[in-house]
Amino acid sequence: MAVSVDEAVSAGPGRDHTPSRRRRGGRGRSVLEVALLTVLAVVMLFPVLWMIETSIKENRDVYAIPAKFFDFKVTLDHFKDVFAGSGGGRSALSVSFLNSVVVAGVSTALATVLGVPAAWAYSRFSVKAKKDQLFFILSTRFMPPVVVVIPIFLMYRQLGLIDNKLGLILIYTAFNVPFTIWMMKGFVDEVPAEYEDAAMLDGYTRLQAFWKFTLPLLLPGIAATAVFALIFSWNEFVFAIFLTSSDSVRTAPPAIAGLIGGTTIDWGLVAAASVVFALPVLVFAYLVRKHLVAGVTLGAVRR
Amino acid sequence: MSESAPLTIDQPGQVASATPPAPGRSRRLSDRWLAGAFISPALLLLLAMSVFPLLWALYLSFTDYSATRGGPAHFVWFENYTAILTSAQVHLRALTTLIYVVGAVALQTTLGFSIAYLISRRTHGRGVLTTLFLVPMMLSPVVVGLFWRFMLDAQFGVINSMLGSLGLGQVEWLTRQGTALLSLIVVDTWQWTPFIMLIALAGLTAVPKYLYEAASIDRASEWFRFRTITLPLVWPLLLIAVLFRAIEAFRLFDLVYILTSGGPGVSTETLSFHVYKVAFLGFNTGTASAYGILMVLIVLVLTQLYLRYLNKLKED
């Protein structure tokens, strides 16, 4: 059954050729539907467009009343402010972007290394109480972050992991492992176990069979899964704001949120920082669009 | 296998035929060992980072421990739990959460399904449309929260500006008791309608075409076809999406934190946000832990429900 965006494109409904077309008002209804879709698309996309527009507006136009939609002066100053500090050198925001890259990258790599073999084992072997284990794994992912962060905070305080990138990496890994296992189990299930059986008949051990024959076939799935894990860690906010505080450790989401702390808010800067922050996510999401349904349901829905 | 053909076929075959019975037994043993070696690192991490903290929270929930006061924790048994379950404050937050979850999920389900239905009836441009509609979902709640805060700003927000040019009055979206919760619901709906749309679309495109063809031969009305073919076939998948969103909405924190910080007054304080206040502003760690454990129980029940429907869907 079709689930991906691409398939949604190709699989035409073929209903337009049925007698419904011949019915009275069929065309009028079709026009109405297109109009409705257009309006909905504009409403859904307007905030994104407005954000991009604000990021390139001069400050005077950002705060203009009534709002200026078209006749504003274009400037790239806000983007310059995102990266360059006021006294030269790097800004606190750009440091936070680098921290985000490190934290999201390392935690994704760790989650992949831990999760992919586990997913393979769950798919291939009869493990005791497999369903219960998988339920347990998924339910750790559904825990409310605000609740988990209380004992984690106390734990990290004992271990000296507060305001430490390692602390964030560990908790993000723990949140991405369940996702990786669920998502990858689906991909492993799609690779016939017979490949490994055949390789083992040829004298390879089970481990070699996994490494040499199954793993290469799983690579596209691993890439897609890693991209989703990367997006989750990149966007995460709750743990980041409670477990880190200094500029040198903070990731981008709390840093961007920190821009609205003062008495006056530089919305142009907020918009530019948001655009810079969101752009890689959108690019990555576009790359894995085929697996979006599985990705956003934590690998649960896939048919 | 890209190696030269004769080598790979000859040699391993000889190895396998030389010792036929032995590999069977040792393979099964090593399989179990391999499964353990592959699964346990992941499980150990989850035990250390999820289970252990929750057990610690469970222990703290029976004490009067405070993270700032320090000192030893005294056992108070179920005092924290009774305090929370009988607190009028908590009841109010539970009601706010209920309104928020039901309102947001109902709104995004209706909208998301409608958009998916409209898109599924198009023959052209479905890929582009779907991709465009999906953008809000991929954004971080921080970006979404901040940006809507700017757009809903009473003074120079673009929403009020548009209302003004239509000749309508200005609305203090985020600073009025009545509208703040509504704004929260609207923003959450904006971000997550694409999620429902995506899954509904998956269900809609999976409906076999011959069913519609058969129905149109029988001259069934459009509404009849929708009610008897489309909805029953898409419903199970839609239900999964709805439950998923309900869990997510229940544990939502970041959007509230950024958009309203629970205000004005306590009108947008959800349970998640209240836990945060008790734990990090009131520093009643014991009470907050009990509060958190109760929330975890609700999430577990919802997750169980979600998985049950998921299994049902997979079995069909």
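Residues numbered from 1 in each chain as written. Chains lettered and ligands numbered in written order. Predicted model: local features only at pLDDT ≥ 70, side-chain atom pairs only at ≥ 80, totals over all residues.

Notes on the UniProt feature "transmembrane region" (unreviewed entry) in chain A
Residues and elements named next belong to chain A.
Logical step 1: Under the present numbering, the feature "transmembrane region" (unreviewed entry) in UniProt falls on residues 31–52, 97–122, 134–156, 168–188, 209–234 and 267–288.
Logical step 2: In the segment residues 168–188, helix accounts for 100% and strand for 0%; the C-alpha atoms at its two ends are 29 Å apart.
Logical step 3: Between the C-alpha atoms that bound residues 209–234 there is a distance of 34 Å. The span itself is 100% helix and 0% strand. (UniProt positions renumbered as here; feature names shortened; annotations may be inferred. Helix = DSSP H or I, 4+ residues; strand = E, 2+ residues; numbered from the N terminus.)

What to know about the nonpolar core
Residue and element names in this part refer to chain B.
Logical step 1: With 169 residues, the main nonpolar core has Leu198, Ile199, Ala200 and Val275 as its most contacted residues.
Logical step 2: Top contributing element to this core by residue count: helix α8 (residues 177–205), with 16 residues.
Logical step 3: Excluding anything up to four places from it in sequence, Ala200 contacts Gly112, Phe113, Ala116, Val234 and Leu238. (Core = buried A, V, L, I, M, F, W, Y, C linked by C-beta atoms within 7 Å. Buried ≥ 20, exposed ≤ 12 C-beta atoms within 10 Å, placed from the backbone. Contact = placed C-beta atoms within 7 Å.)

Quick notes on the domain arrangement of chain B
Size of an interface, as often reported, equals the accessible area lost when the parts are brought together.
Residue and element names in this part refer to chain B.
Logical step 1: Taken as a whole, chain B is organised into domain 1 (13–60) and domain 2 (82–315).
Logical step 2: Just the C-alpha atoms count here: the centres of domain 1 and domain 2 sit 39 Å apart.
Logical step 3: Listed as interface residues are four residues of domain 1 and, on the opposing side, six residues of domain 2.
Logical step 4: Residue composition of the side of domain 1 that touches domain 2, by class: four nonpolar, no polar and no charged. (Domains from an automatic or database assignment. Nonpolar A, V, L, I, M, F, W, Y, C, P; charged D, E, K, R; others polar.)

Some words on the packing of helix α12 (residues 271–281) of chain B against helix α13 (residues 285–315) of chain B
Residues and elements named next belong to chain B.
Logical step 1: Two elements in contact, α12 and α13, have axes separated by 8 Å at closest approach and are oriented at 160 degrees. Of the possible angle classes, the one that applies to α12 and α13 is roughly antiparallel. In the crossing of α12 with α13, the sense of the turn from one axis to the other is left-handed. Contact residues: Leu271, Val275, Val278 and Ala279 in α12; Thr285, Thr287, Ala288, Tyr291, Gly292 and Met295 in α13.
Logical step 2: Of the residues in the contact of α12 with α13, the class split is seven nonpolar, three polar and no charged. (Axes fitted to C-alpha atoms, helices over the stretch in contact; angles between N-to-C directions. Parallel < 35°, antiparallel > 145°, perpendicular 65-115°, else oblique. Left-handed = near helix turned anticlockwise from the far one by under 90°.)

Digging into unusual backbone geometry
One can expect most non-glycine residues to show negative phi and most peptide bonds to be in trans.
Residues and elements named next belong to chain A.
Logical step 1: Phi at Ala129 is positive, roughly 50 degrees, even though this residue is not glycine.
Logical step 2: Summarising the element assignment, Ala129 is placed in the loop between α5 (92–124) and α6 (130–142).
Logical step 3: By C-beta crowding, Ala129 is classed as exposed, having 9 other C-beta atoms within 10 Å.
Logical step 4: Positioned with a positive phi, Asp163 is a non-glycine residue whose angle comes to about 55 degrees.
Logical step 5: Within the secondary structure, Asp163 is located in the loop between α7 (145–159) and α8 (165–190).
Logical step 6: Residue Asp163 is classed as partly exposed on the basis of its C-beta count, with 15 C-beta atoms lying within 10 Å.

A short note on the interface of chain B and chain A
Logical step 1: Chain B puts 89 residues into the contact, and the matching count from chain A is 92 residues.
Logical step 2: Residue contributions to the side of chain B that touches chain A peak at 17 residues, all from helix α2 (residues 21–60) of chain B.
Logical step 3: Tallied by class, the residues present in the side of chain B that touches chain A amount to 61 nonpolar, 19 polar and nine charged.

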